[in-house]
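These are the residues of each chain, in order.
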Amino acid sequence: MPDTFFYATEVMLNGLMAGVMYSLVALGFVLIFKASGIFNYAQGVLALFAALTLVGLQDGQIPFSHVINAIFGTDLHNFGWTLPAVVAIALTAVVMVGMAILIERYILKHLVNQEPIILFMATIGLAYFLEGLGDVMWGSDIKKLDVGLPQGISETIETATYNWFGYGFFIDKLDIVAALVAAALVIALTLFSQYTKYGRALRAVADDHQAALSVGISLRFIWVLVWSIAGFVALVAGIMWGSKSGVQFSLSLIALKALPVLMLGGFTSIPGAIVGGLIIGMGEKLFEFSIGPMIGGATENWFAYVLALLFLVFRPQGLFGEKIIERV
Amino acid sequence: MKMKFTALVAAAMMAAAPALADLVVPNLSYRTGPYAPGGVPYADGFQDYFTLLNERDGGIGGEKIVVPECETAYNTEKGVECYEATKGTGALAYNPLSTGITYQLIPKVTADGSSLYTPGYGRTSAANGKVFSNVFNYPANYWTAASVAVNYLLSENGGDLKGKKIALVYHNSAYGKEPIRTLEELSKKHGFELVQLPVEHPGQEQKSQWLQIRREKPDNVIMYGWGVMNAVAIQEAANIKYPMDQFIGIWWSGAEHDVLPAGDGANGYKSLTMHGTGMDYPVYADLKKYVADAGKGAGAGDQVGTVLYSRGMYAAMVIAEALRNAQAIAGTSAVNAAQVRDGFETLEITEARMAEIGLPDFGQAFKSTCEDHGGPGMARIQQWDATAKKWNLISGWIEPDMDVIQPLIMEDSEAFAAENNIEPRCN
């Protein structure tokens, strides 16, 4: 078979892998939207903040050291120890839970029963606040994130495909790990929401929060819970994207990659986030491969949105989203 | 009470505003946003050099230099706002470290009479002083960089690039597209094939481009990137096992934070540089003594000696020399914007002067004239040693092919002059 066919297949496979990375970010949006109807603009920044905190803890960096040094004339930068990746990840998860509690206590609690647009605006404010906080806490330089994830070409796949087809496929080991992690995350979230008490409470709030309140489910606790889970998902996304490009401010912009995924997959469906990610990833890469060269390339960013809009025309609620019918 | 408040505000304003005779050089910096990792060290180096002159020499010609900082976040609109906010302070020269901001400021500085200094960035054809009276981009620019890269590859390939394939991976912006015309002309001249691979802002996802490189197997890759795009490109190159010593970035793709995230995979990566690397220059001892140890360093003080810190310092040094030259020409220490522009236009920096400043062999010697605001356009090649985590200079100064570039500069600047009804000067 001609090389072009194999190359197109390779592009498609890599598109699917990239799509999984987008899905990891989209999952966080879905969780919060599903449980509270809030479109969390800060999800990308949460991923950045989580990754910054993880690297900071791992490297023993003193938070706010720039501020401390400026005020007290000290020269503090590091605690002088490094933490194993697992410990640092666990501690970061604790920080994200703490953040969820603070967000609920100081923002969401005061906005109960407000219009969704007000809550959306609050998350915009939160995003900018967290960006600044992350910057002040950990600095704005690019940090290397190393939690032991493999990276680079999978030679096993390259050799095997070369032996079979005479064309060695490129698949990044990090992308394979991301796919496995995403699968594990989806399974865990599904099991949690179907088979645990808190998961059922979460679903009850998602279906009808007034009814859930009437049977004694604490809305405040559910919000803390869902923001904690979204924080953990953000941490996972931050680890994957941070391992790929280093931890730096642009990490927050990965949210832009998640938006077309949500538009396509639906804002309320976890499988939708995964399928949407796969379609967007594959679609944008194949478009760049086939049409990109004819129109000057760099089509991926805008084509993802075109693809999502096309789907929206036919299914406004997204592929897996719930159809909203309002009776008057 | 009201009077007390008014007096307090007036006192605060007087304290904040520069004294009339101060030399004001605003620092349009970006310490926030996606491009902050590049903006912070540059701004620190820029600020620290002027602090050094103030602390060690009492300023320039007895005049203190005031460097009000304004945050642009690498955003063109904010950059223009910063210009408008600072121009009333007696600002003499601007160095915004952004091609987008530079394009917006060119007509403004020309109308207001101040100077725009854009070393290695900005509008390349501003090298033609006949058209761009208030813009200076010596010692090198985007087009000379592309030519230097090709000349380096020529030297690596026995002077012949016929039949070779060179890929250009570029930031899909006005900046990233700058070298295309030059490289197209050079590909015609030297017979190599040019493959163009644009990368969308911010450059976090480049899988398509690097799969294409893996497939097309170019002999060399030249990169015009900035921000996270650089780190991702170097990581992706390592992932596909592209030979790093065949991968050359422009000077905006050759800082420590571009290569460190890729770890050992970045070993051997090359980039152009328009100045020396490392801290083995006497000026660093003075910076330590008068700035860092005195607690007067800019930012967190953790960027000293990095590539972009050195570049910010170099830009400040050239501006300081232009101010000094302006004072000499005008016969007064309290120079105004018009006199500083003259200082830039007649500036000569010799190797002897560089040594005197404490930067021997750090930058190329150049002489500006009414016609030539662009300098010789030379650059050196530096290579990353991942084990030692440092850049090493691996070439001397390489000249660009001005036979190709000069006509392009003339064509572009003359078109600009025609569009804007500018009467060429220097006749």
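What counts and what doesn't
Residues numbered from 1 in each chain as written. Chains lettered and ligands numbered in written order. Predicted model: local features only at pLDDT ≥ 70, side-chain atom pairs only at ≥ 80, totals over all residues. Heavy atoms only, no water. Helix = DSSP H or I, 4+ residues; strand = E, 2+ residues; numbered from the N terminus. Rg over C-alpha atoms; globule rule 2.2 N^0.38 Å. Buried < 20%, exposed > 50% of the residue type's maximum accessible area, 1.4 Å probe, protein only. Axes fitted to C-alpha atoms, helices over the stretch in contact; angles between N-to-C directions. Parallel < 35°, antiparallel > 145°, perpendicular 65-115°, else oblique. Contact = heavy atoms within 4.5 Å. Nonpolar A, V, L, I, M, F, W, Y, C, P; charged D, E, K, R; others polar. Left-handed = near helix turned anticlockwise from the far one by under 90°. Buried area = accessible area lost by both parts, 1.4 Å probe. Salt bridge = Lys/Arg side-chain N within 4 Å of Asp/Glu carboxyl O. Polar contact = N/O pair within 3.5 Å; in protein donor to acceptor, adjacent residues only side chain to side chain. Phe/Tyr/Trp six-rings, centres within 6.5 Å; stacked < 30°, edge-to-face > 60°. Disulfide = S-S within 2.5 Å. Pairing = 2+ DSSP bridges. Core = buried A, V, L, I, M, F, W, Y, C linked by side-chain atoms within 4.5 Å.

K.L.:
If you had to explain the overall build of chain B to someone new, which residues and values would you point to?
P.N.:
A count of helices and strands for chain B gives 15 helices and 16 strands. Taking 2.2 N^0.38 as the reference for a compact globule, 427 residues should give roughly 22 Å; the C-alpha atoms of chain B span a radius of gyration of 21 Å, in line with that estimate. C-alpha atoms of chain B, sized along the principal axes, occupy 75 × 50 × 45 Å. Per-residue burial over chain B gives 60% buried out of 427 residues.

K.L.:
So what about the packing of helix α7 (residues 173–195) of chain A against helix α8 (residues 197–207) of chain A? Which residues, and what values?
P.N.:
Residue and element names in this part refer to chain A. Direction vectors running N to C along α7 and α8 enclose 85 degrees, while the axes themselves pass 5 Å from each other. In terms of axis orientation, α7 runs roughly perpendicular to α8. Judged by residue contacts, F192, S193, Q194 and Y195 of α7 engage K197, Y198, G199, R200, L202 and R203 from α8. A breakdown of the residues in the contact of α7 with α8 according to their chemical character gives four nonpolar, three polar and three charged.

K.L.:
Tell me about the packing of helix α5 (residues 142–156) of chain B against helix α15 (residues 402–419) of chain B, and please be specific about residues and values.
P.N.:
Residue and element names in this part refer to chain B. At their nearest, the axes of α5 and α15 sit 10 Å apart, and the two run at 160 degrees to each other. In this view, α5 runs roughly antiparallel relative to α15, as classed from their interaxial angle. Classified by chirality, the crossing of α15 by α5 is right-handed. Of α15, the residues touching α5 (which contributes W143, T144 and S147) are M402, I405, L408, I409 and D412.

K.L.:
Could you give me a rundown of the interface of chain B and chain A, with the residues and numbers involved?
P.N.:
Contact residues are listed per partner, giving 36 residues for chain B and 43 residues for chain A. Regarding the contact of chain B and chain A, the summed buried area is about 3200 Å², with carbon and sulfur atoms giving 55% of it. Summed over the shared surface of chain B and chain A, the result is eight salt bridges. Among the ionic pairs, R214(B) bridges to E10(A), the shortest N-O distance being 2.5 Å. Where chain B meets chain A, there are 14 residue pairs in polar contact (both at pLDDT 80 or more). Sorting the residues of the side of chain B that touches chain A by element identifies α2 (36–57), α8 (207–216) and α9 (228–239) of chain B as the ones contributing at least two each. Here the element with the most residues in the side of chain B that touches chain A is α8(B); it accounts for seven residues.

K.L.:
Explain the packing of aromatic side chains residue by residue, including any values.
P.N.:
Per the counting criterion, the structure on display carries 43 aromatic pairs over all chains. Ring centres 6.4 Å apart and planes at 80 degrees place the aromatic pair W302(A) and F303(A) in the edge-to-face group. With relative accessibility at 11%, the residue F303(A) sits in the buried group. Here the aromatic rings of Y30(B) and Y74(B) are separated by 5.0 Å at their centres, their planes lie at 55 degrees, and the arrangement is tilted.

K.L.:
With reference to specific residues and values, describe the environment of E115(A).
P.N.:
In this fold, E115(A) is placed in the loop between α4 (85–106) and α5 (116–138). Put simply, E115(A) and G37(A) are 78 residues apart on the chain and 10.0 Å apart in space, counted from C-alpha to C-alpha.

K.L.:
Which residues make up the state of the cysteines, and what values go with them?
P.N.:
One covalent bond between the sulfur atoms of two cysteine residues makes up a disulfide. All names here are of chain B. Considering all chains together, one arrives at two disulfides over all chains under this definition. Across the disulfide from C370 sits C426; the S-S distance is 1.9 Å. Where C370 bonds to C426 through sulfur, the torsion about that S-S bond is close to -80 degrees, and the disulfide is left-handed. You can see C370 sitting in the loop between β14 (366–367) and β15 (380–385) and its partner C426 sitting in the segment after α15, a full 56 residues away along the chain.

K.L.:
I'd love a proper account of the pattern of salt bridges, names of residues and values included.
P.N.:
Under the counting rule described, the total for this entry stands at 36 salt bridges over all chains. Between K244(A) and E236(B) there is a salt bridge; the shortest N-O distance is 3.8 Å. Of this pair, K244(A) sits in helix α10 (residues 219–245) while E236(B) is found in helix α9, placing the two residues in two different chains. On the basis of relative accessibility, which here comes to 2%, the residue E236(B) falls in the buried class. In this structure, K285(A) engages E284(A) in a salt bridge whose closest nitrogen and oxygen atoms are separated by 3.0 Å. Just as K285(A) is buried, E284(A) falls in that class too.

K.L.:
Explain the pairing of strand β16 (residues 390–393) of chain B residue by residue, including any values.
P.N.:
Residues and elements named next belong to chain B. In the sheet, β15 pairs with β16 via four bridges, with the strands oriented antiparallel. The residue bridging Q382 from the neighbouring strand is L393, located in β16. Linking β15 back to β16 in an antiparallel pair, the connection comprises four residues, with K389 at a positive phi of about 55 degrees.

K.L.:
Tell me about the nonpolar core, and name the residues and values.
P.N.:
Among the nonpolar cores identified, the biggest contains 121 residues, and Y49(B), F50(B), Y224(B), F247(B) and W252(B) are the most heavily contacted of them. Looking at this core element by element, the count peaks at 14 residues for helix α12 (residues 307–330) of chain B.

K.L.:
Any chance you could break down the pairing of strand β12 (residues 270–273) of chain B for me, citing the residues and the numbers?
P.N.:
All names here are of chain B. Burial along β12 is two-sided: K270 and L272 facing one way and S271 and T273 facing the other are all buried. Summarising the sheet, strand β11 (residues 247–249) and β12 pair through two bridges and their orientation is parallel. Paired with I248 across the strands is K270, a residue of β12. Strand direction decides the pairing type here: β12 and β15, joined by four bridges, are antiparallel.

Everything listed is a geometric property; what it means functionally is a separate question.
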